[in-house]
Amino acid sequence: MILPLTATALRLDGRVVRQEPKGDVADALREHLLTLVRGGVVLLGPFGSGKSTLCAQLAEQGLEGLPPLTVIPLRVVARHADIGEGLRLAVGAQRLAEAQAGERILLLDGLDEISTTVGGDGSFQRLFDELLDRVGPRWVLTCRPGWFRTQVEHDPDQVDSLTRAGVVTWVLDPLPLDVVRSTIAAMPDGRRRLISVEGMLELATSPVLYQATLAALPFIEPGRPIHPWGVFDAWIRHALRTGPRHDEAIVELEDLAWEAWESAAYSLEVPLFSPSRIAAARLPDRLRQALLVNELTGGLRFGHRSVYEFLLASRIAPRLAENQGHGPDALSGRRLTDAMRAFVVGRTGPMGVRFDRRAERAWIPRGNFIAGGELSLDERPLRIAHLDEPCWVARVPVTHAEYARYIAAHPEERDRVDAHYLQHWGPDRALPDGLDDAPIYNLWPEDADRYAAWYADHPEQPDFGGARLPTADEWEKAARGIDGRRWSWGDNWRPAAGIVGELGVNRPLGVRAFGAAGEAALYS
């Protein structure tokens, strides 16, 4: 049975990227490929979205009315300087010729796992174009998001498949919640774990975490939140347990991953290991067979990129914690994948800070932290950043009542001609009823700067040592901790922990309306 995945098509329409649901992926692929004379489908999906599993299942079962389908893991092609030679060795000369003649469809799996140094100028667009020139008239290609254009504005290093004739770009959707819920509930003690393990249902909508969750379910502790690292750890450490040397073997695997990352100058490509290096690690056969695969070109590689990312995260997390209060180290500035970030979350624990209760501020230490990516204010790459100097950060946002005191000290602000500035205060800019303790909004950045300068010099305010707006790094470390979590409590969404419309809240609440639960999870 093919995974019940669905997809959403992206279409560039002038200055807008429109989304169109495509339904079941296998049916949609068949329908689209049947109508094509020349072209293909780009399937984008994040870590664990089922791209490789889908390709393997499609190749095994085929699609009615279409020629045979063959998977090419593009990491195999990456071992060769020439793309054509890499394709020929990966799939065989006869099958490649069949594909070029339209008698076979190639499923090109994992453009993000092929080096841009293969045969040319280091451009993913060039690599994409050259691949498509060699694989025949119809094809399917998978990749993680970030390498392809998905918005009107895009990075020049991204592949632009939205404007290429004959090519469509689809994004894989998570597994349906009802499928995940019914499958887990049908397993022994699955219903109790669904109810008591926070985050498990949402995590399992990722196909790779879905499969790991099913394998590890008996070892997932009820009553405690779960995260990607916890699922993989339960799977590899317990579900795949081989005997008394199992924990030592996992340490050996972490050593393998870390050595490879260091020797490759912290490249994000999945490494290839020599048979002698794997033999020296003395891994139990069952563990080696479950996690490593033999490559056609010789050597062994982790069967799924996420295993490599999990093992690296196991070493990154303690090093992040150890660096707090210290200067830059070998990890500072290193790029990460979002899967590595997700695995680190939950491994580091709360960030150690100290509080000044009188001044309502927290001391954020210098040191490394995960920053950037899609959650970043300035969309910088996901990486390990370093905060060079510690800083005090206010524990709560500036409230309406506090800003009203600033307005009282600067009455000229009431007459300012600016449609945006404090527009919800009305034409006379009087503090609205019921918003005293709500965070202030409808300001310009320059207004925030002026307020900070006034606050720092005001004799009635607690000493804040020269208050100012935080830098992007200061704010990101204060808000996301050292592990780059999505929310102050982790990566799992908790509607009850925020002030959101899901709770029927349609107006700002006080800055302390939800207590210190999130802060306690973020700081220690």
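See above for the structure.
### Section: the packing of helix α4 (residues 83-91) against helix α6 (residues 124-134)
Relative orientation of the contacting elements α4 and α6 amounts to 55°, with a least axis distance of 10 Å. When the interaxial angle is binned, α4 and α6 end up oblique. Of the two elements, α4 crosses α6, and the hand of that crossing is right-handed. Two secondary-structure elements touch here, α4 through Ile83, Gly84 and Leu87 and α6 through Arg126, Leu127, Glu130, Leu131 and Arg134. Among the residues making up the contact of α4 with α6, the classes are represented as 4 nonpolar, 1 polar and 3 charged.

### Looking at the side chain of arginine 138
Relative to the elements of secondary structure, arginine 138 occurs in strand β6 (residues 138-143). Buried charged residue arginine 138 carries no salt bridge. Nearest counter-charge: glutamate 103, at 10 Å. A polar side-chain atom of arginine 138 sits 2.9 Å from the main-chain carbonyl oxygen of leucine 33. With sequence-adjacent residues up to four places away left out, arginine 138 is seen in contact with Leu33, Leu34, Leu36, Val37, Gly39, Leu66, Pro67, Gly102, Ile105 and Leu106.

### Let's talk about empty space enclosed by the protein
For the coordinates displayed, the defined rule picks out 1 cavity of 30 Å³ or more. Roughly 30 Å³ of internal volume is contained in the largest cavity. Along its surface, the largest cavity is lined by Leu268, Arg305, Tyr308, Glu309, Leu312, Thr337 and Met340. A class-by-class count of the residues in the lining of the largest cavity yields 4 nonpolar, 1 polar and 2 charged.

### Side note on unusual backbone geometry
Phi angles above zero are rare outside glycine, and alanine 265 is one such case at about 55°. In this structure, alanine 265 sits in the loop between α12 (246-263) and α13 (275-281). With phi around 50°, arginine 429 is a residue other than glycine that occupies positive phi space. Locating arginine 429 in the fold gives a position in the loop between α17 (400-409) and α18 (445-457). The class for arginine 429 is buried, based on a relative accessible area of 6%.

### Describing α18
Its 13 residues place the ends of α18 19 Å apart at the C-alpha level, agreeing with the 18 Å of an ideal helix rising 1.5 Å per residue. Regarding α18, the residues found buried are Asp447, Tyr451, Ala452, Trp454 and Tyr455. For α18, the arc enclosing every buried residue in end-on projection is 165°, short of the 170-degree limit, so these residues lie on one face. Within α18, the exposed residues directed more than 90 degrees away from the buried face are Pro445 and Asp457. Elements in contact with the buried residues of α18: α17.

### Side note on the pattern of salt bridges
Opposite charge on two side chains lets them pair, provided their charged atoms get close. For the structure on display, the rule yields 36 salt bridges. In this structure, glutamate 259 engages arginine 277 in a salt bridge whose closest nitrogen and oxygen atoms are separated by 3.1 Å. Note that glutamate 259 is positioned in helix α12 and arginine 277 in helix α13, a separation of 18 residues in sequence. Since its relative accessible area comes to 39%, glutamate 259 is described here as partly exposed. Its salt-bridge partner being aspartate 338, residue arginine 341 comes within 2.9 Å of it at the nearest N-O pair. Of the two residues, arginine 341 and aspartate 338 both sit in helix α16 (residues 338-344), 3 residues apart, roughly one turn of that helix. By relative accessible area, arginine 341 is classed as buried at 1%. Several salt bridges converge on common partners, so that one network encompasses Glu413, Arg416, Asp418, Asp447 and Arg450.

Calculation criteria
Residues numbered from 1 in each chain as written. Predicted model: local features only at pLDDT ≥ 70, side-chain atom pairs only at ≥ 80, totals over all residues. Heavy atoms only, no water. Axes fitted to C-alpha atoms, helices over the stretch in contact; angles between N-to-C directions. Helix = DSSP H or I, 4+ residues; strand = E, 2+ residues; numbered from the N terminus. Parallel < 35°, antiparallel > 145°, perpendicular 65-115°, else oblique. Left-handed = near helix turned anticlockwise from the far one by under 90°. Contact = heavy atoms within 4.5 Å. Nonpolar A, V, L, I, M, F, W, Y, C, P; charged D, E, K, R; others polar. Buried < 20%, exposed > 50% of the residue type's maximum accessible area, 1.4 Å probe, protein only. Lys, Arg positive; Asp, Glu negative; His and termini not counted. Salt bridge = Lys/Arg side-chain N within 4 Å of Asp/Glu carboxyl O. Polar contact = N/O pair within 3.5 Å; in protein donor to acceptor, adjacent residues only side chain to side chain. 1 Å grid on protein atoms, 1.4 Å probe; cavity = no way out; pocket = protein on both sides within 12 Å on 5 of 7 lines; lining within 4 Å. Points joined across faces, edges and corners; volume = space filled by probe spheres on them. Expected span 1.5 Å × (residues − 1). Arc of directions from axis to C-beta.

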